[in-house]
Amino acid sequence: MADNIARVFADAIASDPTRPLLTWYDDATGERTELSGATLANWVAKTANLLVDELALGPGDTAGVLLPPHWQTAAVLLGCWSAGLTVHHGPGEVDVLFAAADRVAESEAWSAGDRYALALQPFALPLREVPAGFADYVTEVRAHGDHFGAYPPGGPAHAALRTRATARAAELGIKPGDRVLIDVDALPDPIDWLLAPLAAHATLVLCAHPDPTRLPDRQAAEKVTLPLP
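Each chain has its residues counted from 1, running along the sequence as written. Given that the model is predicted, a residue must reach a pLDDT of at least 70 before its local features are reported, and side-chain atom pairs must reach 80 or more before they are shown or counted; all residues, however, enter totals for whole chains, interfaces and linings. Excluding hydrogens and water, the side-chain values take into account all heavy atoms of the structure.

**Description of the sheet that holds strand β8 (residues 179-183)**
Using the following cut-off: Two strands are counted as paired when DSSP detects at least two bridges linking them. What counts as a helix is a DSSP run of H or I of at least four residues, what counts as a strand is a run of E of at least two, and both are numbered from the N terminus. Axis definition: a line fitted to C-alpha atoms, limited for helices to the stretch in contact. Angles are taken between N-to-C directions and run from 0 to 180 degrees.
Taken together, the five strands give an open sheet; going across it, the order is β2-β1-β9-β8-β10, and neighbouring strands pair in mixed fashion. Where the open sheet ends on each side, the last strands, each with one partner, are β2 (31-36) and β10 (226-228). Between one strand axis and the next, the sheet turns through 15° on average, direction left out of account. Summarising the sheet, β8 and β10 pair through three bridges and their orientation is parallel.

So, in structure tokens, the structure goes:
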């Protein structure tokens, strides 16, 4: 249990699950989505339950993730890790694949029995047209439970991720209680935009395609204590 990387998320929200944990901005679309720890935990639990209950996956199994930084990507990653899976970002043989709708063509380089596509639309809207060979993640995951049982062991891969996340938080200067604004275009690695802040018990303001003219007001409104990079 202790080595499951998803524990950094559970530990980060334990003191107050109702406070805003992750706020997502996309200045290309004007989207703003705010999730409390409890709300994100529901999405994480649903994802883990989908993997365990429907696909019978767990420790020793693998997930491919073809997704950009996004709040739904956070749910997918944390859900995979909660179930004990090892996550891969490069093409290869995996047990399940999650892909953004605009990256479905890249999935041909992956071998996976089960495939889920994500629209990554505001309000978690489902896909209008589901690509052949894929299921719609948003539609499928909503049918699963809001709570997930005990975390299974994550093994050496999870332990290594946790070590990297803790070290990266120190490198970036993230401290407990920080409200971190992250340009995810500049820091697209999940270690930087997700795990390092969680490992430090910080909260996140993630910005895609950030408009520099909006950032000063945003930092003030969101009470940002540390802008990155």
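**A closer look at the packing of helix α5 (residues 155-172) against helix α6 (residues 190-199)**
As a reminder, the rule being used: Roughly parallel here means an angle under 35 degrees, roughly antiparallel means over 145, roughly perpendicular means 65 to 115, and every remaining angle is called oblique. Contact between two residues is taken to exist if any of their heavy atoms lie within 4.5 Å; hydrogens are not considered. Each residue gets one of three labels, nonpolar for Ala, Val, Leu, Ile, Met, Phe, Trp, Tyr, Cys and Pro, charged for Asp, Glu, Lys and Arg, and polar for the others, Gly among them.
Running from amino to carboxyl end, α5 crosses α6 at an angle of 90°, the nearest separation of the two axes being 8 Å. Overall, the two elements α5 and α6 adopt an arrangement that is roughly perpendicular. Contacts between α5 and α6 involve Leu 161, Arg 164, Ala 165, Thr 166, Arg 168, Ala 169 and Leu 172 on the former and, on the latter, Ile 191, Asp 192, Leu 195, Ala 196 and Ala 199. Residues belonging to the contact of α5 with α6 are distributed by class as follows: eight nonpolar, one polar and three charged.

**Quick look at α6**
Selection criterion: For every residue, the accessible area (1.4 Å probe, protein chains only) is compared with the maximum for its type, and the residue is labelled buried under 20%, exposed over 50%, or partly exposed between those bounds. N or O atoms within 3.5 Å of each other form a polar contact, as long as, within protein, one can give a hydrogen and the other can take it, and as long as residues adjacent in sequence are counted only when both atoms are side-chain atoms.
Across the ten residues that make up α6, a large majority, nine, are buried. Three or more residues of α6 are buried, namely Pro 190, Ile 191, Asp 192, Trp 193, Leu 194, Leu 195, Ala 196, Pro 197 and Leu 198. Buried residues along α6 sit in contact with α1 (7-13), β1 (20-26), α3 (71-82), α5, β8 and β9 (203-208). Where α6 starts, the residue carrying a side-chain oxygen 2.9 Å from the main-chain nitrogen of Ile 191 turns out to be Asp 189.

**A short note on the layout of surface pockets**
Which entries qualify depends on this criterion: The distinction between a cavity and a pocket rests on a 1 Å grid over the protein atoms alone: a 1.4 Å probe fits inside a cavity but cannot get out, while a pocket stays open yet meets protein on both sides within 12 Å along at least five of seven lines, and a residue with an atom within 4 Å of a point counts as lining. Grid points are joined across faces, edges and corners, and a volume is the space filled by probe spheres set on the points.
Estimated volume of the largest pocket: approximately 350 Å³. In this structure, the largest pocket is lined by 19 residues; those nearest its centre are Asp 26, Pro 68, His 70, Leu 120 and His 209. Residue composition of the lining of the largest pocket, by class: eleven nonpolar, four polar and four charged. When its volume is computed, the second largest pocket comes out at roughly 230 Å³.

Treat this as a map of the structure, not an account of what it does.
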